[in-house]
Amino acid sequence: MTSAIAILAAMALSVILGLTALLLNIRFFRRKQAFAFFHPYAECGGGGERVLFLCIRALQELDPTLPIIVYTGCNNMTDHEIVTDAARRFNTTLPNPKRIRFVRLRLRFLLEASMYPRLTMIGQSLGSVILAFEALLYAPPAVFFDSTGLAFSYPLAWIAGCKVACYTHYPTISTDMISLVQSGKTQFNNSGLVSKVPILRLCKLYYYKAFAFVYGFVGRFSQLTLVNSSWTYNHILNLWKNASTTHVLFPPCDTRHLQTIPLQPPGKKKGGRENLIISLGQFRPEKNHKLQLLAFDAFLKKADAEGLNVSSTKLVIIGGCRNPGDYRRVSELKRLTEELGIQSRVEFCVNLPFDQLLGYLARASLGLHTMRDEHFGICVVEFMAAGVIPVAHDSAGPKLDIVVDFKGERLTGYLATTAEEYAERLLEGLVRIGVEEARSIRERARARADEFSNENFLLAFKRHVRTILASQ
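Residues numbered from 1 in each chain as written. Predicted model: local features only at pLDDT ≥ 70, side-chain atom pairs only at ≥ 80, totals over all residues. Heavy atoms only, no water.

## Details of the pairing of strand E3 (residues 100-104)
- When strand E2 (residues 68-72) meets E3, the two strands line up parallel, connected through 5 bridges. Residue pairing for E3: Tyr 71 is matched across the bridge by Val 103.
- Viewed along the sheet, the connection from E2 through helix H3 (residues 79-90) into E3 turns out right-handed. (Pairing = 2+ DSSP bridges. Helix = DSSP H or I, 4+ residues; strand = E, 2+ residues; numbered from the N terminus. Right-handed = clockwise from strand over helix to strand, strands pointing away.)

Right, here's the structure in full:
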């Protein structure tokens, strides 16, 4: 038994020493000017990809000759197709697309959550290390910039001689997640079985604490850490403890088309806005659409008790469905409207075309957001840019960065936590305030939303990235 353990230990040590030697060898063959983005899903077209391509644009505006590498697992689109699709989706132009090289990774499947039914965080994190090794083996750069949040790749890139930097949308683990397990509360990421069985809860708690310790260690290899919100900043700082190199850089929100929507067309009650409440967001469990229905039900009951006429008010829930699980959630929400007796007042719009979405944003008075601890909250910014007064969850990004007092003036929207609080804010924003006050809130909200523009993102990214470029 002892000899078997000794043999396994020797084999593991040999593998570690072999990989280290290979990485040290890579140090001498890396492209000494290349700036590489570790972004395995570069073709997906979401908010993370908007950040990626605007970072590339900023770099090329600083130096059009800089060689740029993007590590991606996309194998069904050419380089030209990826760039063209990104330019169309994000309404941006890259100064020199020919200087961008997409390095294709074969092992992207190692990041899929479906690969790890249990211990998902560890599985995906170790998968990211293998994927980063593949990337560095194919094309070792001078700067390794992670724009997806795969922090376990950083020590590997550092050993390979790269400058390491990142843009973190949210921490893989947070003190809030650990506190949730400790509390024994059931949520979408803390099952009822684990929360109710003490031994399982204790095991999960130690698992989270151990993971947080290692996550903090690998994160300290980043020499420039950009985060998307104050909430993310606080959690990353708590875990990585690298205050001097960590900075908040709000994600780019291209809201120019939304800002063309009239705030208050003349001649109609409420400035032309209907008694319409909308919500935007994929039908994922963490978006907590159930709370929206409970809040709307409480709003109707409260209005009835106070003798207020809200008979024309409707709630329209707009969102995308990615898979059968999302469609199942929509069906469950529809059943809940029937149980509450509000089905005639609630409409679900699944995978709505963009032009129809703009129509709802132009008509709605209030925008509903109920996700707890959303790291930023782009849909809240979109509400504000379109002149829709937000009623957002009183936590994280919306609370700390978005629905805040603007330039010394009060109120750019409302915040709430419980169904009763949401009901009160909906009454305030829809019934109790006057036309002029509503207009003032919309003006301040739109001005605040403008601070999250593409242009502000580009300027700030250039300022931060110069420190890495100068140290090459």
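## Some remarks on the sheet that holds strand E11 (residues 366-368)
- Read from one edge of the open sheet, 6 strands run E10-E9-E8-E11-E12-E13, paired in parallel fashion. With partners counted over all chains shown, the strands left at the sheet margins are strand E10 (346-350) and strand E13 (414-416), one partner each. If you compare each strand with its neighbour and ignore which way they point, the axes differ by 25 degrees on average.
- Pairing of strand E9 (residues 314-319) with E10, which is carried by 5 bridges, proceeds in the parallel orientation. Counted as the bridge partner of Gly 319 is Val 350 from E10. (Axes fitted to C-alpha atoms, helices over the stretch in contact; angles between N-to-C directions.)

## Some thoughts on the pattern of salt bridges
- All told, the structure shown has 20 salt bridges when counted by the stated rule.
- Arg 256 serves as the salt-bridge partner of Asp 254, at 3.0 Å between the closest nitrogen and oxygen.
- For Arg 256, a relative accessible area of 44% gives the class partly exposed.
- Among the salt bridges present, the one from Glu 374 reaches Lys 287, with a minimum N-O distance of 3.1 Å. Of this pair, Glu 374 sits in the loop between E11 and helix H13 (378-385) while Lys 287 sits in the loop between strand E8 (276-280) and helix H10 (289-305), and the two are 87 residues apart along the sequence.
- For Lys 287, a relative accessible area of 13% puts it in the buried group. (Salt bridge = Lys/Arg side-chain N within 4 Å of Asp/Glu carboxyl O. Buried < 20%, exposed > 50% of the residue type's maximum accessible area, 1.4 Å probe, protein only.)

## Brief notes about the sheet that holds strand E7 (residues 246-248)
- Strand order in the open sheet formed by 7 strands is E3-E2-E1-E4-E5-E6-E7, with parallel pairing between adjacent strands. On the outer flanks of this sheet lie E3 and E7, each paired with one strand and no other. Strand-to-strand twist in this sheet, taken as the mean axis angle between neighbours without regard to direction, amounts to 20 degrees.
- Of the pairings in the sheet, the one linking strand E1 (residues 35-38) to strand E4 (residues 143-146) comprises 4 bridges and is parallel in character. In the sheet register, Phe 38 faces E4, and the bridge partner there is Asp 146.

## Topic: the side chain of Arg 446
- The topology assignment puts Arg 446 in helix H16 (residues 435-449).
- Although Arg 446 lies buried, it forms no salt bridge, and the closest oppositely charged side chain, Asp 450, sits 8.6 Å away as judged by the N-O distance.
- Separated by 3.0 Å, the side chain of Arg 446 and the backbone oxygen of Gln 259 make a polar contact.
- A polar side-chain atom of Arg 446 sits 2.8 Å from the main-chain carbonyl oxygen of Ala 385.
- Ignoring sequence-local partners within four residues, the contact set of Arg 446 consists of Leu 258, Gln 259, Ile 261, Leu 263, Met 384, Ala 385, Ala 386 and Gly 387. (Lys, Arg positive; Asp, Glu negative; His and termini not counted. Polar contact = N/O pair within 3.5 Å; in protein donor to acceptor, adjacent residues only side chain to side chain. Contact = heavy atoms within 4.5 Å.)

## A few points about the packing of H10 against helix H15 (residues 419-432)
- Orientation of H10 relative to H15, taken along the N-to-C sense of each, is 60 degrees, at an axis distance of 8 Å. With respect to their mutual orientation, H10 and H15 come out oblique. When the axes of H10 and H15 are compared, the crossing they make is right-handed. Only Ala 419, Glu 420, Tyr 422, Ala 423, Glu 424, Leu 426, Leu 427 and Leu 430 of H15 make contact with H10, whose side of the interface consists of Leu 291, Leu 294, Ala 295, Ala 298, Phe 299, Lys 302 and Ala 303.
- Classifying every residue of the contact of H10 with H15 by side-chain character gives 12 nonpolar, no polar and 3 charged. (Parallel < 35°, antiparallel > 145°, perpendicular 65-115°, else oblique. Left-handed = near helix turned anticlockwise from the far one by under 90°. Nonpolar A, V, L, I, M, F, W, Y, C, P; charged D, E, K, R; others polar.)

## Remarks on a nonpolar patch on the surface
- Taken together, the side chains of Ile 199, Leu 200, Leu 202 and Tyr 206 present a nonpolar region at the surface, about 400 Å² in accessible area.
- By the element assignment, Ile 199 lies in helix H8 (residues 198-219).
- Ile 199 sits in the exposed class, given a relative accessible area of 53%. (Patch = residues over 30% accessible without salt bridge, like charges linked within 9 Å, V, L, I, M, F, W, Y side chains within 5 Å. Areas by Shrake-Rupley, 256 points an atom, 1.4 Å probe, with all protein chains shown as cover.)

## Focus on H13
- Taken across its 8 residues, H13 has 6 buried, putting it largely inside the fold.
- Within the sequence span of H13, burial applies to Cys 379, Val 380, Val 381, Phe 383, Met 384 and Ala 385.
- Those residues of H13 that are buried lie in contact with E8, helix H12 (354-363), E11, strand E12 (389-393), helix H14 (396-402) and H16.
- Following H13 by one or two positions, Gly 387 adopts a phi angle in the positive range, close to 85 degrees.

## Some thoughts on the pairing of strand E6 (residues 224-227)
- Of the two faces of E6, the one carrying Leu 224 and Leu 226 and the one carrying Thr 225 and Val 227 are both buried.
- Relative to E7, E6 runs parallel, the two being bridged by 3 bridges. Each residue of the ladder has a partner; that of Thr 225, found in E7, is Thr 246.

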